[in-house]
Every structure is written in structure tokens, then in C-alpha cells.
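A structural walkthrough
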Amino acid sequence: MLYWLYQNTPSDFFVHLNILQYITVRAGLAFFIGLLLTIFLMPRFIAWAQRSAKVQPINEYVSAHQGKAKTPTMGGIVFITSTIIASLVTVNIMNPFAIGGLLTLVFYAYIGFTDDWGKIRGGDNLAGLKARTKMALQILFGLLIGLFLIYVAKLETGFYVPFIKSSLFDMGFWSIGFWVLVMIATSNAVNLTDGLDGLATVPSVFALLSLSAIVYVVGNVSAANYLLMPKIPAGEVVVIAAALIGSLIGFLWFNCHPAQVFMGDSGSLTIGAFIAYMAIIGKSEILLILIGFIFVIETVSVILQVGSYKLRKKRVFLMAPIHHHFEMKQWAENKIIVRFWIIAMLSNILALISLKIR
């Protein structure tokens, strides 16, 4: 809407809204709109959830979490809604990459909401979507986004790796399968990380900040030339990312320990999918391993635990994902959370440093 005002304000008008042409200005506005909307809406959502018993079913194997049994969940719906509203107000909706970003938010929020609602109604963490159904929806929506990027947004299909200044090869139509894999892996990785108060929120903010820098660079011809990066007109997605960052910080106000609300799959799956989307359009799918290092650690810990138990009937960790391992070792929840935040911050600094070396 604000970008439309910029385009349609007469040059001789009382105040020419020329400032709204800048992505950085609209990103700043989107950040504060998302932040304030979330801070305004979340207490009302929490009150409604408590009245109607829309609370998080707790895993009985983690005794330290039993005190969280009455905590409302599905808070992700609030900050994703705030993100979409803030984006619609500030983004150039005619940009195909911005449309793809909004579709990603809507598609994966639908999966998360459906899963959360099933768990709440059934009063059990296993009562949500069946694993097969959940995976099928993730694949379907990933395919739709991939097709959109190739045929509508005309995204190039080169395969890039850190430190190499040009694509190694052209994936062609196979890029869709690769992108689907990236979206599924990242959305589920963030979902696995969301097990302690604020644990997934701050690393997600760091990842979005890093990817915003990358997407802004590839969308700016001068910056892309300087850093020898591909040129992709995707800069508008930074506005959506800023809205999501603002909304997540607003959510963190209520999600920090002890949490008043959880994001649920509505939030974690959607955040992960959007992080993957930004990595895809920024040609940073491999660099995402470093950007989302905490999510990678959490996922690898689950893979190692399951694989080891099936092959050797022995566990690698006391419990997986790995944040539960440290809980079982009697680490304080705040200590685990803050240390994971520090690791996430450092890995993202390294990822940004690599851009100049690329």
C-alpha cells in the first residue's frame, strides 16, 4: 500500500512520498508495524487461549516441562498474521519474489495451524496431522513454490556454493526438487529446535537478518557486482523479512522464559519455510548450513539418536533433540537457551564474513 502511494502520488503534491521507494525505509516501517501489531494482539490471544483451554500438550518424558502444561500454544498464528499485514502495507506486491514469500508464509502456516489444532483438540502431541499427511503437504507446497519461482519469478537455476564466485552448474528443472528438499529440511529443523522458551526465536531472527543482507545484496546491482554475487531482483523480500523479524521480537516479549505462550508448529514450520525461501532466492542454500547452524545441530542430534538406536540399540544422547540432552544433565533452561543463542550469533557472523571471500 505504501509503495502504491509512492507510485501514485502526483509530483506536485503537498508532500511527495519519494522516500517510500527505498526498500530500507519500507523494511523499517514493516519491522515496527509487525512488532507493534504482535505486542497488541498477543495478550488478547493469550487471554482467549487460556479461557478456551487452547494450551500446549506436554511431552510426559520431560519432567521439567510439566509446569508448562497450561501454557497457550499456536502463538505463531498471531505473529505470522502480523507479518502478513505489515508486509501488505509496505511491500511492492507486484514483485513476484514478494508474492512467493507471502505464499510461503500462508502455505506453511496452514500446515502448522492444522497440526496444532489437532493436538489441542486431542490433548496429545501425537494427535495432530499424521506424519505422512504433514510431509505430503510440505512437499506439495514446496513444489508449488518451486514452480512459481521458475515459471513466474524466472529465478535462475544455478547451483552456488560459498567462496565460489559463479554457479558450479545449472540444475535446470531439477532445481525444484532441490528447493523442496531445502524447504522441508529447514522447516522441520526449526520445528525440532522449538522446545525451550525462546530457543528457536532468536536464532531465527539472526538467520533472517543474515539472509536479509544477502537478498538485499543480490537485489542491488552495484552491491552484487562488488561482492561478485548473482543479480536477482528479489530485494522486496527484505521488507517481508523485516516484518517477520519485528513480529518475532514482539513474540519474544511473551515467549522468553518463563514463556506465556508457545509458537507451535504454526510458527516454527512457517519460519523455517520462509528462511529456506530466502536462502533459495539468495542462492545461499549451502551457506544456510552455517546460517542455521543451531537448527542443523538439533536435526543431526535426532538423526544420530534414531540411527544409533536402530543399528546398535544404544543412544548417543540422553535425549534428543540435543537441548533435551542438556536438560537431562541438569543444565538450567536459561543457560541452554542463551548458550544456543550465542552459537547462533557467532555462526551468522561467520556466514556474513564469507560473503566478501565468496
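Anything mentioned here points back to the structure above.
Residues numbered from 1 in each chain as written. Predicted model: local features only at pLDDT ≥ 70, side-chain atom pairs only at ≥ 80, totals over all residues. Heavy atoms only, no water.

Turning next to the packing of aromatic side chains. Per the counting criterion, the structure on display carries 12 aromatic pairs. Plain terms: the ring middles of Phe107 and Phe141 are 4.6 Å apart, the flat faces sit at 10 degrees to each other, and that makes the pair stacked. Of this pair, Phe107 sits in helix H4 (residues 96–122) while Phe141 sits in helix H5 (residues 131–151); the two residues are 34 residues apart in sequence, bridging distant segments of the chain. Like Phe141, Phe107 is buried. On the basis of an interplanar angle of 65 degrees and a centroid distance of 5.6 Å, the ring pair of Phe159 and Phe178 is categorised as edge-to-face. Of the two residues, Phe159 is situated in strand S1 (residues 158–159) and Phe178 in helix H6 (residues 175–193); the sequence distance between them amounts to 19 residues. One aromatic cluster in this structure is built from Phe107, Tyr108, Tyr110 and Phe141. Its guanidinium or amino end placed over the ring of Phe40, Arg44 lies 4.0 Å from that ring's centre, counting from NZ or CZ. Over the ring of Trp331 we find Arg339, and its NZ or CZ is 5.0 Å from the ring centre. (Phe/Tyr/Trp six-rings, centres within 6.5 Å; stacked < 30°, edge-to-face > 60°. Helix = DSSP H or I, 4+ residues; strand = E, 2+ residues; numbered from the N terminus. Buried < 20%, exposed > 50% of the residue type's maximum accessible area, 1.4 Å probe, protein only. Lys NZ or Arg CZ within 6 Å of the ring centre and 35° of its normal.)

A word on the side chain of Thr270. Mapped onto the elements, Thr270 comes out in helix H10 (residues 264–281). Here Thr270 falls in the buried class, since its relative accessible area comes to 0%. In contact with Thr270, other than residues within four places in its own chain, are Ile80, Leu105, Tyr108, Ala109 and Asp265. (Contact = heavy atoms within 4.5 Å.)

Before going further, it helps to spend a moment on the packing of helix H12 (residues 293–312) against helix H14 (residues 333–357). A pair of packed helices can be characterised by two numbers: the angle between their axes and the separation between those axes. Interhelical geometry of H12 versus H14 gives an angle of 125 degrees and a closest axis separation of 8 Å. Between H12 and H14, the interaxial angle falls into the category oblique. Where H12 abuts H14, its residues Phe293, Ile294 and Glu298 lie against Phe340, Ile343, Ala344 and Ser347. Its residues assigned to classes, the contact of H12 with H14 comprises five nonpolar, one polar and one charged. (Axes fitted to C-alpha atoms, helices over the stretch in contact; angles between N-to-C directions. Parallel < 35°, antiparallel > 145°, perpendicular 65-115°, else oblique. Nonpolar A, V, L, I, M, F, W, Y, C, P; charged D, E, K, R; others polar.)

Further remarks concern the packing of helix H9 (residues 237–255) against H10. Following both chains from N to C, one finds H9 and H10 inclined at 150 degrees, their axes separated by 12 Å at the closest point. The orientation of H9 with respect to H10, classified from their angle, is roughly antiparallel. Pair H9 / H10 crosses with left-handed handedness. Mapping the contact onto sequence places Val237, Ile240, Ala241, Leu244 and Leu248 in H9 and Ile271, Phe274, Tyr277, Met278 and Ile281 in H10. For the contact of H9 with H10, the residue count by class is 10 nonpolar, no polar and no charged. (Left-handed = near helix turned anticlockwise from the far one by under 90°.)

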